[in-house]
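One-letter residues, chain by chain:
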Amino acid sequence: MTSGPPDFLQFNNLACESVGGKVLFATDEWFAPAGNLLKREPPEFLASAFTEFGKWMDGWETRRKRIPGHDWCIIQLGVPGTIHGFDVDTSFFTGNYAPAASIQAACLDETPALALEGDRTGMAASEEQFEDVSKVKSERWEFLVPINELKPGHASSCHNYFPVTLSRRVTHLRLNMYPDGGIARLRVYGVGQRDWSSIRLRELVDLVALTNGGVCVGYSNAHFGHPRNMIGLGRAANMGDGWETARRLDRPWVLETDSQGILQVPGFEWAVFRLGHPGVISQIEIDTNHFKGNFPDSCKVEVCSLTAEEEEQCCMSRWSSGPAGGWRILLPPQKLKPHNRHFYSTDALWNCGAVSHVRLFIAPDGGVSRLRLWGQLATASSGGHLKPASKL
Ligand SMILES: NC(=O)NC(NC(N)=O)C(=O)[O-]
């Protein structure tokens, strides 16, 4: 029996540098810095690239150890949250991959006071140099992944997936490699968890933002870019930082207009998001930044309210069985423009009250770089669930 990629790959990468993930400390970074672990772009190999330290590698690579111990680094998540799984990606590290790794986690109130540059001096850094404000040495942090052998970074074996079952919030990770070697990327799949107590009554927040705990829970097509990219920080860096579907193959070979001159573009693609907190959405932004020859013709937004159990059922049916109460239209169909920020406020939106989930349609296909859903948190009087759904 062949098993496909694990379900946790649908979640957000909480450690990615594009959402603020940082390496605070590494015992050794001789060949390549640990910061590479958190890059958003897939790893690459440049056969003829060498530095004064050795072969240029796109990942974290330490020296062949000639002293006791093993190498490790401390990572601060860009978005603190609950972790559902890891991908320790060894791409292109073949004769120099780390043969084994483990991952530990902590939830720290403050950032550890660290000021160490990556060590290229010939002396490995010691545990004492890592001053941990939690007063618990990082070597004693809880293991989310015990020591496991890794596979080398050939295309067929580079992904080392580790599912995690821990419902507690995590802020920092310690990645251990045994004894030394290289790892191309560490992807930390989870859901952001923010403290909602600091939000004032009637304050508008982007309820779907990754930093506020929004998460994509289903989609029809993600050929060129995953829909979760739409809820990332700031404006998209490029087309790869947005949601982009393949060209639909069921489009007519010659497009035509109907009797009223409206272009007939059958078919659509969709993506469903769970909001970080149920709320009443009053402003929407749909940004087609960078999508110029491939922006969607039009979009539509629907909403519903689901419990965690109802969401699980919908996910299991890949959203073919809709919510019991049905989807309601929040934003009726709107024409879109290329490379443009589209803003819709209350006069364009239908009154739907408090909701927990949103479905964005694009017709017939194309790319959207950002989706922002501004609203107030649900209260007992606005009629929504007071607790965010927590299962996928
Ligand atoms: N050819 C190599 O990759 N050699 C060494 N690594 C780098 N990056 O030069 C090594 O063996 O660890």
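Residues numbered from 1 in each chain as written. Predicted model: local features only at pLDDT ≥ 70, side-chain atom pairs only at ≥ 80, totals over all residues. Heavy atoms only, no water.

- The protein chain is annotated in an unreviewed UniProt entry as Allantoate amidinohydrolase from Denticeps clupeoides.
- On record in UniProt, under Sequence similarities (unreviewed entry), the comment for the protein chain is "Belongs to the allantoicase family." (UniProt positions renumbered as here; feature names shortened; annotations may be inferred.)

**Considering the overall build of the protein chain**
And then number 1: Per the secondary structure count, the protein chain includes 1 helix and 22 strands.
And then number 2: Put simply, the protein chain has 392 residues, and 52% of those count as buried.
And then number 3: Once local pairs closer than 6 in sequence are excluded, the contacts in the protein chain between residues at least 24 apart make up 81%.
And then number 4: Carbon and sulfur atoms form 53% of the exposed surface of the protein chain, whose accessible area is close to 18600 Å². (Helix = DSSP H or I, 4+ residues; strand = E, 2+ residues; numbered from the N terminus. Buried < 20%, exposed > 50% of the residue type's maximum accessible area, 1.4 Å probe, protein only. Contact = heavy atoms within 4.5 Å. Areas by Shrake-Rupley, 256 points an atom, 1.4 Å probe, with all protein chains shown as cover.)

**Observations regarding the nonpolar core**
And then number 1: Counting 67 residues, the largest nonpolar core has Leu 37, Phe 86, Leu 173, Leu 186, Ile 281, Ile 284 and Ile 286 as its most contacted members.
And then number 2: The dominant element in this core, judged by the number of residues it contributes, is strand β6 (residues 71-89), at 7 residues.
And then number 3: If sequence neighbours within four positions are ignored, Ile 284 has contacts with Val 301, Leu 330, Leu 331, His 342, Phe 343, Tyr 344, Leu 349, Leu 371, Arg 372 and Leu 373.
And then number 4: In terms of nonpolar packing, the next biggest core, distinct from the first, is built from 15 residues, Phe 8, Tyr 189, Val 217 and Val 272 among them. (Core = buried A, V, L, I, M, F, W, Y, C linked by side-chain atoms within 4.5 Å.)

**Quick word on the site of the ligand**
And then number 1: Every residue near the ligand is listed here: Phe 31, Gly 54, Lys 55, Met 57, Glu 61, Arg 64 and Asn 96.
And then number 2: Between an oxygen atom of the ligand and a side-chain N or O atom of Asn 96, the distance comes to 3.2 Å.
And then number 3: Compared with its free state, where it exposes 310 Å², the ligand has 72% of that area covered by protein.
And then number 4: Its residues assigned to classes, the shell around the ligand comprises 2 nonpolar, 2 polar and 3 charged. (Near = heavy atom within 4 Å. Polar contact = N/O pair within 3.5 Å; in protein donor to acceptor, adjacent residues only side chain to side chain. Nonpolar A, V, L, I, M, F, W, Y, C, P; charged D, E, K, R; others polar.)

**Description of the pairing of strand β20 (residues 354-363)**
And then number 1: Burial of β20 is extensive: 10 of the 10 residues sit out of reach of the surface.
And then number 2: Across 8 bridges, the pairing between strand β16 (residues 269-287) and β20 is antiparallel. Bridged to Phe 273 within β20 is Val 358.
And then number 3: Judged from the 7 bridges that link them, strand β17 (residues 298-304) and β20 form a sheet pairing that is antiparallel. Each residue of the ladder has a partner; that of Val 301, found in β20, is Leu 360. (Pairing = 2+ DSSP bridges.)

**Re the pattern of salt bridges**
And then number 1: In this structure the tally under the stated criterion is 19 salt bridges.
And then number 2: Linking Arg 251 and Asp 365 is a salt bridge whose minimum nitrogen-to-oxygen distance equals 3.8 Å. Taken as a pair, Arg 251 in the loop between β15 (243-244) and β16 and Asp 365 in the loop between β20 and β21 (367-368) lie far apart in primary sequence, 114 residues in all.
And then number 3: It is possible to trace a salt-bridge network through shared partners that takes in Lys 39, Asp 58 and Arg 185. (Salt bridge = Lys/Arg side-chain N within 4 Å of Asp/Glu carboxyl O.)

**Thoughts on the UniProt feature "domain: Allantoicase" (unreviewed entry) in the protein chain**
And then number 1: Annotation from UniProt places "domain: Allantoicase" (unreviewed entry) at residues 20-191 and 213-377.
And then number 2: Structurally, residues 213-377 comprises 5% helix and 39% strand, and the distance from its first C-alpha atom to its last is 13 Å.

**Some words on the packing of aromatic side chains**
And then number 1: Under the defined criterion, the tally for this structure stands at 7 aromatic pairs.
And then number 2: Judged by centre distance (5.9 Å) and plane angle (45°), the ring pair of Phe 8 and Tyr 189 falls under tilted. Separated by 181 residues along the polypeptide, Phe 8 in the segment before β1 (12-13) and Tyr 189 in strand β12 (residues 185-192) bring together distant segments of the chain. Exposure class is identical for Phe 8 and Tyr 189. Each is buried.
And then number 3: Members of the aromatic cluster, joined through ring pairs, are Phe 8, Tyr 161 and Tyr 189. (Phe/Tyr/Trp six-rings, centres within 6.5 Å; stacked < 30°, edge-to-face > 60°.)

**Quick look at the layout of surface pockets**
And then number 1: Space inside the largest pocket adds up to approximately 660 Å³.
And then number 2: Every residue lining the largest pocket is counted, 28 residues in all, and those nearest its centre are Arg 40, His 226, Arg 228, Asn 229 and Gly 240.
And then number 3: Across the lining of the largest pocket, the residue classes tally to 10 nonpolar, 10 polar and 8 charged. (1 Å grid on protein atoms, 1.4 Å probe; cavity = no way out; pocket = protein on both sides within 12 Å on 5 of 7 lines; lining within 4 Å. Points joined across faces, edges and corners; volume = space filled by probe spheres on them.)

**Concerning helix α1 (residues 308-316)**
And then number 1: All of the buried residues along α1 are Ala 308, Glu 311 and Cys 314. The buried residues of α1 occupy an angular sector of 120° when the element is viewed end-on, so they sit on one face. Opposite the buried face of α1, at more than 90 degrees from it, the exposed residues are Gln 313 and Met 316.
And then number 2: Looking at the buried side of α1, the elements it contacts are β14 (215-219), β16 and β20.
And then number 3: Arg 318 sits one or two positions beyond α1 and adopts a positive phi of about 55°. (Arc of directions from axis to C-beta.)

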